[in-house]
Amino acid sequence: MQILPAIDLRGGKCVRLRQGDYRQETVFGENPAEMAQHWVSQGGTFLHLVDLDGAKDGKPGNLDAIRAILQAVDIPCELGGGIRSEETIREMLDLGLNRLVIGTLALRNPAWFREMCEKFPYRLVLGIDAKEGWVATDGWLEVSRQGAVDLARQYEDLPLAAIIYTDIATDGMMAGANVPAMREMKEAVSIPIVASGGVTTLDDVEALERVGLDGCIIGRALYEGTIDLREVTSRQSK
């Protein structure tokens, strides 16, 4: 199972939100590029970047920080947040990002999302953010009546790189991953599933690995020290 350290960007800084709430922000670093280098030095092999301003405003809002990260590290990076046009997809891929996460428009404009997946095969990731099994959109500001598993099945025939499944209820809460929900998603589709939300200890990582998850995004736990990235990566390399 691949481990992806998360770097959430807001106002050019590294931050973490609790349950996607923009009013509950903790700043963990003023220099995103240095943070990226730190996670690489700890054994990180793939970074998960989130443009929180982009997720809220519908267009990328931390381009300088993203460019700085890409220049600072030599490992693949993916980006989510504000990817809502073909022009933006091309711009972000041209910057050097390995893949892009799209969530809101996959729900609101299925025809467009299908077209983009065909144009950019295996470069796009379907981001499904859910609360109690229902898909959330617009930087988690709205919760739809679309089932998360149903949405994943809708796109199973597409050349997707992966699905990132985030449980909003646990994200940033340091309360453990929602393993049953992640297992349900993994068993529902053949697309690689990356778990996100609530991963707090090495036990959480191992639990997700046992149910077959392909990847795991870790955020606040790394910044607050309840998970040591070196320990996780060294264990996986054995």
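The structure this text deals with has already been given above.
What this report covers is the structure whose coordinates are included nearby. (Residues numbered from 1 in each chain as written. Predicted model: local features only at pLDDT ≥ 70, side-chain atom pairs only at ≥ 80, totals over all residues. Heavy atoms only, no water.)

1. Topic: the pairing of strand β10 (residues 162-167)
Extensive coverage of β10 is indicated by the burial of six of its six residues. The alternating pattern of β10 places A162, I164 and T166 and I163, Y165 and D167 on opposite faces, both of which are buried. Note that strand β7 (residues 124-131) and β10 share six bridges and pair parallel. Counterpart to V125 in the pairing with β10 is A162. With four bridges connecting them, β10 and strand β11 (residues 193-196) associate as parallel partners. Each bridged residue has a counterpart across the sheet, and for I164 the counterpart in β11 is V194. (Buried < 20%, exposed > 50% of the residue type's maximum accessible area, 1.4 Å probe, protein only. Helix = DSSP H or I, 4+ residues; strand = E, 2+ residues; numbered from the N terminus. Pairing = 2+ DSSP bridges.)

2. Notes on the packing of helix α4 (residues 86-95) against helix α6 (residues 110-119)
The geometry of α4 relative to α6 is characterised by a closest axis approach of 11 Å and an angle of 30° between their N-to-C directions. Taken together, the axes of α4 and α6 are roughly parallel relative to one another. Here the hand of the crossing between α4 and α6 comes out right-handed. The residues of α6 that touch α4, namely those facing E86, I89 and R90, are W112, M116 and K119. (Axes fitted to C-alpha atoms, helices over the stretch in contact; angles between N-to-C directions. Parallel < 35°, antiparallel > 145°, perpendicular 65-115°, else oblique. Left-handed = near helix turned anticlockwise from the far one by under 90°. Contact = heavy atoms within 4.5 Å.)

3. A word on the nonpolar core
Counting 71 residues, the largest nonpolar core has I7, L47, I89, F113, I128 and L208 as the members making the most contacts within it. In terms of residue count, helix α8 (residues 179-188) provides more of this core than any other element does, five residues in total. Beyond its immediate sequence surroundings of up to four residues, F113 is in contact with I102, L105, A106, L126, Y155, L158 and L160. (Core = buried A, V, L, I, M, F, W, Y, C linked by side-chain atoms within 4.5 Å.)

4. Focus: the environment of I69
Examined against the element boundaries, I69 turns out to sit in helix α3 (residues 63-72). Accessibility expressed as a relative area gives 0% for I69, which makes it buried. For the pair formed by I69 and A36, sequence separation is 33 residues and the distance between their alpha carbons is 6.3 Å. Ignoring sequence-local partners within four residues, the contact set of I69 consists of I7, L9, P32, A33, A36, L47, L49 and C77.

5. Regarding the packing of aromatic side chains
Aromatic rings considered in pairs are described by the distance between their centres and by the relative angle of their planes. Summed over all chains, the structure comprises three aromatic pairs. Consider the rings of F113 and Y155, whose centres lie 4.8 Å apart with planes at 70°: the pair is edge-to-face. Taken as a pair, F113 in helix α6 and Y155 in the loop between α7 (148-154) and β10 lie far apart in primary sequence, 42 residues in all. Aromatic rings pair up to connect F28, W39 and Y223 into one cluster. (Phe/Tyr/Trp six-rings, centres within 6.5 Å; stacked < 30°, edge-to-face > 60°.)

6. Thoughts on the pairing of β7
Within a regular beta strand, the side chains point alternately toward one face of the sheet and then the other, so they alternate between its two faces. Buried residues dominate β7, accounting for seven of its eight residues. With three bridges joining them, strand β6 (residues 99-102) and β7 adopt parallel strand pairing. When the bridges of β7 are listed, V101 appears paired with V125.

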